[in-house]
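# Survey of secondary and tertiary structure
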Amino acid sequence: MDDLGPLLISITERMSREKKRGQVADYIPELAKIDPNQFGISVALADGQTLSAGDADTSFSIQSVSKVFALSLALTRRGADVWKRVGREPSGDPFNSIVQLEADHGTPRNPLINSGAIVISDIILAARDHVEAVDEVLNFMRNAADDDNIFVGPAVAKSEQQTGFRNAALANFIKASYNIDHAPEKTLALYFHQCAIAMSCRQLAQAGRIFAFGGRKGVDGHALISSGRARRVNSLMLTCGHYDGSGDFAFHVGLPGKSVVDGGILAIAPGIASIAVWSPGLNKVGNSHLGTIAMEDLAVQTGWSIFGEH
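Owing to the predicted nature of the structure, the values given are computational and were not obtained by experimental measurement.

The rules behind these values
- Residues numbered from 1 in each chain as written.
- Predicted model: local features only at pLDDT ≥ 70, side-chain atom pairs only at ≥ 80, totals over all residues.
- Heavy atoms only, no water.
- Core = buried A, V, L, I, M, F, W, Y, C linked by side-chain atoms within 4.5 Å.
- Buried < 20%, exposed > 50% of the residue type's maximum accessible area, 1.4 Å probe, protein only.
- Helix = DSSP H or I, 4+ residues; strand = E, 2+ residues; numbered from the N terminus.
- Contact = heavy atoms within 4.5 Å.
- Polar contact = N/O pair within 3.5 Å; in protein donor to acceptor, adjacent residues only side chain to side chain.
- Pairing = 2+ DSSP bridges.
- Axes fitted to C-alpha atoms, helices over the stretch in contact; angles between N-to-C directions.
- Phe/Tyr/Trp six-rings, centres within 6.5 Å; stacked < 30°, edge-to-face > 60°.
- Lys NZ or Arg CZ within 6 Å of the ring centre and 35° of its normal.
- Salt bridge = Lys/Arg side-chain N within 4 Å of Asp/Glu carboxyl O.
- Parallel < 35°, antiparallel > 145°, perpendicular 65-115°, else oblique.
- Left-handed = near helix turned anticlockwise from the far one by under 90°.

What follows is about the nonpolar core. With 74 residues, the main nonpolar core has F69, V82, I120, I197, M199 and F211 as its most contacted residues. In terms of residues, this core owes the most to one element, helix α6 (residues 130-145), which gives eight residues. Contact partners of F211, with chain neighbours within four places excluded, come to V68, F69, S72, I225, A230, V233, N234, M237 and I268. Listed in part, the 26 residues of the second largest apolar core include L255, I265, A294 and A299.

Along the polypeptide, S305 turns up in the segment after α14 (289-302). Judged by its relative accessible area of 10%, S305 falls in the buried class. Polar contacts involving the side chain of S305 include one to the main-chain carbonyl oxygen of G254, which spans 3.5 Å.

The strand order β2-β1-β8-β7-β6 describes an open sheet built from five strands, whose pairing is antiparallel. Each edge of the open sheet carries a strand with a single partner, namely β2 (50-54) and β6 (257-259). Strand-to-strand twist in this sheet, taken as the mean axis angle between neighbours without regard to direction, amounts to 10 degrees. By the bridge criterion, five bridges tie strand β1 (residues 40-45) to β2 in an arrangement that is antiparallel. Along β2, the bridge assignment pairs A44 with T50. Strand contacts of helix α1 (residues 4-16): β1 and β2, with the helix running at about 25 degrees to β2, the strand carrying the most contacts.

Per the counting criterion, the structure on display carries four aromatic pairs. Pairing F69 with F140 gives two aromatic rings, centres 6.5 Å apart and planes at 65 degrees, and the pair type is edge-to-face. Taken together, the residues F69 in helix α3 (residues 66-78) and F140 in helix α6 connect sequence positions 71 residues apart. Taken individually, F69 and F140 each receive the classification buried, so the pair is uniform in this respect. Each ring, one from Y191 and one from F192, has its centre 5.9 Å from the other, and the planes form 50 degrees; the classification is tilted. You can call Y191 buried: its relative accessible area is 2%. Taken together, the ring pairs in this structure connect F69, F140 and F211 into an aromatic cluster. Above the face of the W83 ring, R88 is positioned so that its terminal group lies 5.2 Å from the ring centre.

With that settled, consider the pattern of salt bridges. Per the counting criterion, the structure on display carries 11 salt bridges. Here R14 ties to D297 by a salt bridge, and the two come within 2.3 Å at their closest N and O atoms. Here R14 is found in helix α1, whereas its partner D297 is found in helix α14, with 283 residues between them in sequence. R14 gets classed as partly exposed once you look at its relative accessible area, which sits at 26%. Measuring nitrogen to oxygen at the nearest pair gives 3.3 Å for the salt bridge that ties R128 to E136. According to the relative accessible area criterion, R128 is partly exposed, its value standing at 33%. Residue E136 is classed as partly exposed on the basis of its relative accessible area of 22%. Because the salt bridges share partners, they merge into one network encompassing R77, R128 and E136.

Before going further, it helps to examine the packing of helix α7 (residues 154-163) against helix α9 (residues 184-195). As a packed pair, α7 and α9 sit with axes 8 Å apart at the nearest point and diverge in direction by 135 degrees. Taken together, the axes of α7 and α9 lie oblique to each other. In the packing of α7 onto α9, the handedness of the crossing is right-handed. Contact with α7, carried on its side by A157, E160 and Q161, involves A189, F192, H193 and C195 of α9 and no other residues of that element.

Geometric values such as these leave the question of function open.
Here it is, written out as structure tokens:
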């Protein structure tokens, strides 16, 4: 891996020359303020090294990447009972589709679309109050990353709560289908706060090690989740992690990955590395434009695709 550091620098330099950078998400006011000219990338390896380039230490709200960690918590607590309330199939529709939820009678297609993640938040909430549940998710992220400096961004959380009308519609529809146990506003409060957790590429790559190394923080690290659950989360990231762009990401990159509406991507090369990239401009399906290009470039040059060398 001696050439990995220079490769990340080379990719970052190429991304700086790209003229098309995508459009930042503007439906959440706080995200609309982000400078689109930023790009960061980090790779956390089995030996504990984390190599980075660009704006890798700039924090951003992890948004939908929080879903894979919340799912891991829910599986640890409830095991296979989770699948009685949410499916495991790709959606093929936008992440916030209510049409699909109605067709499926209130059972979300998978836990990585918004409706599914809301149900997962409801499972985590259980008998806890909101503050305890947020702290549990936050502490899980801090433990995975070995970093106590990870925090919830209050401005982003507030912005999501004030503008999250479609998510409120999803939660109320699921409640009407008897698939949410708590008041929708309580479940949504946890969901909005977990999405507002702020991390850098470096921190996110370090947290993602649990999915790269069988639930452990590196080959010899402490296990946070079982190897079987890490494998299952990876499978869902591959098939569902980029919503209606999941097939295209698998085709071009060939790694399990989870996209973020403010331009982050977490990707996993099982047994090798956890990769985080961030650039705020989005492509037409709502995934990071430069991040997707950079991730394909990295996969091609390292041969890390799970389907074999490019």
